[in-house]
Amino acid sequence: MASSSPERKKNVCRRFSDEQIKSLESLFKTEKRLEPRKKVEMARELGLHPRQVAIWFQNRRARWKSKQVEQDYTNLKADYHTLTHRLESLNKEKHDLLQQLSNLCSQLKHKDLDSGNSSCPLAIHDDSDPNHKQNMAMAIEENVTNFDSGDEPWWDIWS
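Computed from a prediction, not measured in an experiment: that's the story for all the values here. (Residues numbered from 1 in each chain as written. Predicted model: local features only at pLDDT ≥ 70, side-chain atom pairs only at ≥ 80, totals over all residues. Heavy atoms only, no water.)

For this particular structure, what's the right way to read the nonpolar core?
Inside soluble globular proteins, nonpolar side chains tend to come together where they are buried. Counting residues in hydrophobic clusters, the biggest one holds 12 residues: Phe-16, Leu-24, Leu-27, Phe-28, Leu-34, Met-42, Ala-43, Leu-46, Leu-48, Val-53, Trp-56 and Phe-57. When residues of this core are traced back to their parent elements, those giving at least two are helix H2 (18-30), helix H3 (36-46) and helix H4 (50-111). Setting aside residues up to four positions removed in sequence, Leu-27 forms contacts with Leu-34, Lys-38, Met-42 and Phe-57. (Core = buried A, V, L, I, M, F, W, Y, C linked by side-chain atoms within 4.5 Å. Buried < 20%, exposed > 50% of the residue type's maximum accessible area, 1.4 Å probe, protein only. Helix = DSSP H or I, 4+ residues; strand = E, 2+ residues; numbered from the N terminus. Contact = heavy atoms within 4.5 Å.)

Explanation requested: the pattern of salt bridges in the structure shown.
Any two side chains of opposite charge can pair, given that their charged atoms come close. Evaluated as defined, the whole model comprises 2 salt bridges. Across the salt bridge formed by Glu-25 and Arg-60, the nearest N and O atoms sit 3.0 Å from each other. Highlighted residues: Glu-25 in helix H2 and Arg-60 in helix H4, separated in sequence by 35 residues. Of the residues examined, Glu-25 reaches a relative accessible area of 23% and is grouped as partly exposed. A relative accessible area of 14% places Arg-60 in the buried class. A salt bridge links Asp-96 to Lys-92, with the shortest nitrogen-to-oxygen separation between them at 2.9 Å. A residue pair is termed a helical-turn pair when its members lie 3 or 4 positions apart in one helix, as Asp-96 and Lys-92 do in helix H4 at 4 residues. Residue class for Asp-96 comes out partly exposed when judged on its relative accessible area of 37%. (Salt bridge = Lys/Arg side-chain N within 4 Å of Asp/Glu carboxyl O.)

Put into structure tokens, the structure is as follows:
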């Protein structure tokens, strides 16, 4: 006869009582693994075989580990999304700052056209240049290094 018949479902017995499960769960909170002596003692107190206690703990550890992995995954996924949004924000900020720098240098370039001297410390390249970003980054890094060297205050570079 199929195991899904109504008669079969009525005869399903639980392997552990609610009290036994409660005791096992409370012990599991303090000890994830039982020493053989503790396992025998617990089995005697609950009226079970030591093997039943051992298998219950093994199954419970497997469920606990699954939940831990799931929680770790959820935390990592949240961290990933936070970092992704932060990266997008920083990239937008970088783009805006480079645009602002480009505009300022253009203003300085127009101002100094008559003198033939460029006050802009950063050579602004055409965006169609494939090395534009790399050149800009190198120029910025070079100027930041100069700022840090203490040769002159950074604000003097724009005056």
